[in-house]
Amino acid sequence: ILVETLIKLLKILLLLLSSMSATNMIRCAFVWLSLVACSCDGISSQFQVFDAQPSPLTKPNIGTAVWLDAYPEAKCLDGSPALYYIRKATSTVNNTKWVMHIQGGGWCDDMQSCYDRSQSRLGSSLKKYNNNDTMDWNNIEGCDNNRWCGALMVNDKNINPYSYDWNAVLFMYCDGASWTGNVAEPVQVPGAKDAKLYFRGWKNMEAVMTDLIANHNLGDATEVLIGGDSAGGLATYMHIDYMHERILTAGSQAMVIGMPDSGYWPDDEKFATTFRNMFAMQNGTDGLPRECVSRNANNVTKCLFPQYFADHINTTLFPLQSIFDPLQKGSYPEEHGMWLLSDINRTILNKPMNGAWIHSCERHCGAELLTIDGVHVPEAMELFLHRPTPTQRLWLQNRTYPCTSCCNDGNSNSYSEHGDIVPGF
């Protein structure tokens with residue numbers, strides 16, 4: 001058995017070394033030689049052996065619904081209670097570790113689009129919109145396991161050996177404004193008798209965090225990975241410091257990592273009007289990063305765009321982002337890609353504590369099973385979180401546009417199946 005283990009480790013080492021720079025080659029060699037030494041001595045290593053290729057997503061991934069009826073201010077657009085799904089840890093050793101995902105699904109920026117949205121799963125927690133007591137995350141539109149919720153939320157060890165048995169939480173998105181709205185009274189929908197809308201996204205965020213701490217021992221956490229896709233990626237940038245603060249205030253000393261997926265929305269003409277209209281309609285100031293609001297008191301809407309505040313985020317960040325995101329690249333993808341790389345380097349990678357997974361696949365979200373430098377995101381997290389120092393911080397797949405070979409996980413989908421990601425675009 002020992003010989004077979006050593007052979008497997010050496011094969012994986014060769015696979016990793018074949019695609020790495022000289023510096024990373026040396027670092028990785030030391031890591032894996034340490035792993036071999038631990039194995040030979042019969043010592044349990046902190047590193048895990050990863051399969052070279054993902055297996056099909058077939059295992060049920062069941063979460064249990066928690067409707068936040070106990071928090072009367074926390075409501076979806078239609079007035080139904082805010083909702084999240086939780087999957088408890090399946091191992092004792094990892095029962096203080098958490099992975100969380102903030103669901104995406106675009107925005108609404110006027111009364112009519114928000115009313116339309118309130119008649120769907122993106123604006124309501126009612127069961128008639130497929131919000132059941134238990135749900136297989138494979139079958140939740142806008143999650144679909146790895147496609148939108150990401151590989152780290154998958155409970156299959158072959159796909160996600162890093163966090164497959166952790167506590168997992170899916171924040172259901174039903175406010176239409178990336179969890180920023182804060183209007184105390186319901187708003188009458190013009191022309192729709194007895195129809196009212198509730199803009200309570202910020203109250204929903206507060207309630208989910210309070211409930212996890214009060215009823216699910218989040219205050220005992222030792223490691224928390226917090227991500228989100230699309231509008232949920234933007235929400236991750238906006239709220240990661242608040243979420244981290246709540247966890248620490250509850251008594252935890254957890255390592256918290258923010259992992260926004262495709263959330264680096266640029267302040268350009270394609271999004272500026274939508275975001276600012278949304279903000280004004282939903283009174284979003286309380287849901288914006290506090291430090292950014294204080295720095296931009298004369299124009300707080302700058303705090304809707306990570307390019308203006310990501311450099312002031314105190315929590316460790318590990319964004320996942322395509323430089324050619326089909327919803328963000330505009331008419332000049334190469335120029336957008338160069339701007340994005342430069343800006344993320346300025347705002348995020350200038351801090352040694354941060355890392356990133358940057359790729360050239362023309363895809364919006366769901367790139368955690370791409371292969372960059374011989375690994376997928378679950379393995380990259382193991383290397384990034386190696387202590388006392390990361391083995392590697394940046395996984396960069398920087399190619400010219402278009403790069404069809406960059407989408408190397410067998411999934412050709414770009415974004416069309418998400419449904420209402422950015423209405424009107």
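A brief report on the enclosed structure follows. Just so it is clear, the structure is predicted and the values come from calculations on it, not from any experiment.

1. Let's talk about the nonpolar core
In terms of nonpolar packing, the biggest core is built from 63 residues, with Met-100, Phe-171, Leu-212 and Val-224 touching the most fellow members. Here the element with the most residues in this core is helix 6 (residues 231–249); it accounts for nine residues. Setting aside anything within four residues of it in sequence, one finds Val-224 in contact with Trp-98, Met-100, Leu-218, Ile-247, Ala-254, Met-255, Val-256 and Ile-257.

2. What to know about the layout of surface pockets
Picture a little ball the size of a water molecule; that probe, rolled over the atoms, points out where space is still empty. When its volume is computed, the second largest pocket comes out at roughly 240 Å³. Secondary structure elements with two or more residues in the lining of the second largest pocket: helix 6 and helix 8 (290–295). A total of six residues in the lining of the second largest pocket trace back to one element, the largest contributor, which is helix 6. Classifying every residue of the lining of the second largest pocket by side-chain character gives nine nonpolar, four polar and five charged.

3. Some remarks on the state of the cysteines
Tallying each qualifying case throughout the model produces six disulfides. Paired by a disulfide, Cys-292 and Cys-303 hold their sulfur atoms 2.1 Å apart. Disulfide Cys-292 to Cys-303: torsion about the S-S bond roughly -95°, handedness left-handed. Here Cys-292 is found in helix 8, whereas its partner Cys-303 is found in the loop between helix 8 and strand 10 (316–317), with 11 residues between them in sequence. Among the residues examined, Cys-292 registers a relative accessible area of 1% and is labelled buried. Counting only the cysteines that form disulfides, in the order they appear in the chain, gives the pairing 1-6, 2-3, 4-5, 7-8, 9-12, 10-11.

4. Examining unusual backbone geometry
Peptide bonds are trans in most cases, and residues, glycine excluded, mostly fall at negative phi. Residue Pro-388 is reached from Arg-387 by a cis peptide bond, and omega for that bond is 20°. Within the fold, Pro-388 resides in the loop between helix 10 (377–384) and strand 13 (394–396). Here the bond from Tyr-401 into Pro-402 is cis, since omega is -10°, no more than 30 degrees from zero. Relative to the elements of secondary structure, Pro-402 occurs in the segment after strand 13. A positive phi angle, close to 55°, is found at Asn-145, a residue other than glycine. Position of Asn-145 among the secondary structure elements: in the loop between strand 4 (134–136) and helix 4 (146–149). Look at Asn-145 and you get buried, because its relative accessible area is 2%. Unusually for a residue other than glycine, Ser-178 sits at a positive phi of about 50°.

5. Description of helix 9 (residues 333–347)
Helical geometry note: an α-helix holds 3.6 residues per turn, so side chains three or four residues apart project in the same direction. Taking 1.5 Å per residue, 15 residues should reach 21 Å; helix 9 reaches 21 Å between its end C-alpha atoms and fits that length. Of the positions making up helix 9, those classed as buried are Pro-333, His-336, Gly-337, Leu-340, Asp-343, Ile-344 and Thr-347. Down the axis of helix 9, the smallest arc covering the buried residues is 140°, so these residues share one side. Of the exposed residues in helix 9, the ones pointing more than 90 degrees away from its buried face are Glu-335 and Met-338. Close packing links the buried residues of helix 9 with strand 11 (320–322) and strand 12 (356–359).

6. Here we look at empty space enclosed by the protein
Scanning the entire structure with this criterion turns up four cavities of 30 Å³ or more. Of the volumes computed, that of the largest cavity is approximately 100 Å³. Forming the boundary of the largest cavity are 16 residues, of which His-101, Cys-149, Gly-227, Met-259 and Glu-368 lie nearest the centre. For the lining of the largest cavity, the elements supplying multiple residues, two or more each, are strand 3 (97–102), helix 4, strand 8 (223–229) and strand 9 (255–261). Across the lining of the largest cavity, the residue classes break down as 10 nonpolar, four polar and two charged.

7. Some points on the environment of Cys-174
In this structure, Cys-174 sits in the loop between strand 5 (167–171) and strand 6 (187–188). Accessibility expressed as a relative area gives 4% for Cys-174, which makes it buried. Each C-alpha atom, one on Cys-174 and one on Arg-121, is 6.9 Å from the other, the two residues being 53 residues apart in sequence. Aside from chain neighbours lying at most four places away, what touches Cys-174 is Cys-76, Leu-77, Arg-121, Leu-122, Gly-123, Ser-124 and Asn-204.

8. Re the pairing of strand 2 (residues 83–87)
Regular strands show a simple pattern: their side chains alternate between the two faces of the sheet. Counting buried positions along strand 2 yields five of five residues, so the element is predominantly enclosed. Taking every second residue as pointing to the same face, both faces of strand 2 are buried, with Leu-83, Tyr-85 and Arg-87 on one and Tyr-84 and Ile-86 on the other. With four bridges joining them, strand 1 (residues 62–67) and strand 2 adopt antiparallel strand pairing. Bridge assignment links Thr-64 to a residue of strand 2, and that residue is Ile-86.

9. A few points about the pattern of salt bridges
Counted according to the given criterion, the structure contains 10 salt bridges. Residue Arg-276 pairs with Asp-267 through a salt bridge whose shortest N-O separation is 3.1 Å.

10. Comments concerning the packing of helix 5 (residues 201–216) against helix 6
Their axes nearest at 10 Å, the elements helix 5 and helix 6 cross at an angle of 30°. It follows that helix 5 is roughly parallel to helix 6 by the angle criterion. For the crossing formed where helix 5 meets helix 6, the hand is right-handed. Across from Trp-202, Met-205, Glu-206, Met-209, Thr-210 and Ile-213 in helix 5, the residues of helix 6 making contact are His-239, Tyr-242, Met-243, Arg-246 and Ile-247. The residue inventory of the contact of helix 5 with helix 6, partitioned by class, reads seven nonpolar, two polar and two charged.

How each quantity is defined
- Residues numbered from 1 in each chain as written.
- Predicted model: local features only at pLDDT ≥ 70, side-chain atom pairs only at ≥ 80, totals over all residues.
- Heavy atoms only, no water.
- Core = buried A, V, L, I, M, F, W, Y, C linked by side-chain atoms within 4.5 Å.
- Buried < 20%, exposed > 50% of the residue type's maximum accessible area, 1.4 Å probe, protein only.
- Helix = DSSP H or I, 4+ residues; strand = E, 2+ residues; numbered from the N terminus.
- Contact = heavy atoms within 4.5 Å.
- 1 Å grid on protein atoms, 1.4 Å probe; cavity = no way out; pocket = protein on both sides within 12 Å on 5 of 7 lines; lining within 4 Å.
- Points joined across faces, edges and corners; volume = space filled by probe spheres on them.
- Nonpolar A, V, L, I, M, F, W, Y, C, P; charged D, E, K, R; others polar.
- Disulfide = S-S within 2.5 Å.
- Expected span 1.5 Å × (residues − 1).
- Arc of directions from axis to C-beta.
- Pairing = 2+ DSSP bridges.
- Salt bridge = Lys/Arg side-chain N within 4 Å of Asp/Glu carboxyl O.
- Axes fitted to C-alpha atoms, helices over the stretch in contact; angles between N-to-C directions.
- Parallel < 35°, antiparallel > 145°, perpendicular 65-115°, else oblique.
- Left-handed = near helix turned anticlockwise from the far one by under 90°.

Nothing here speaks to function; it is all geometry.
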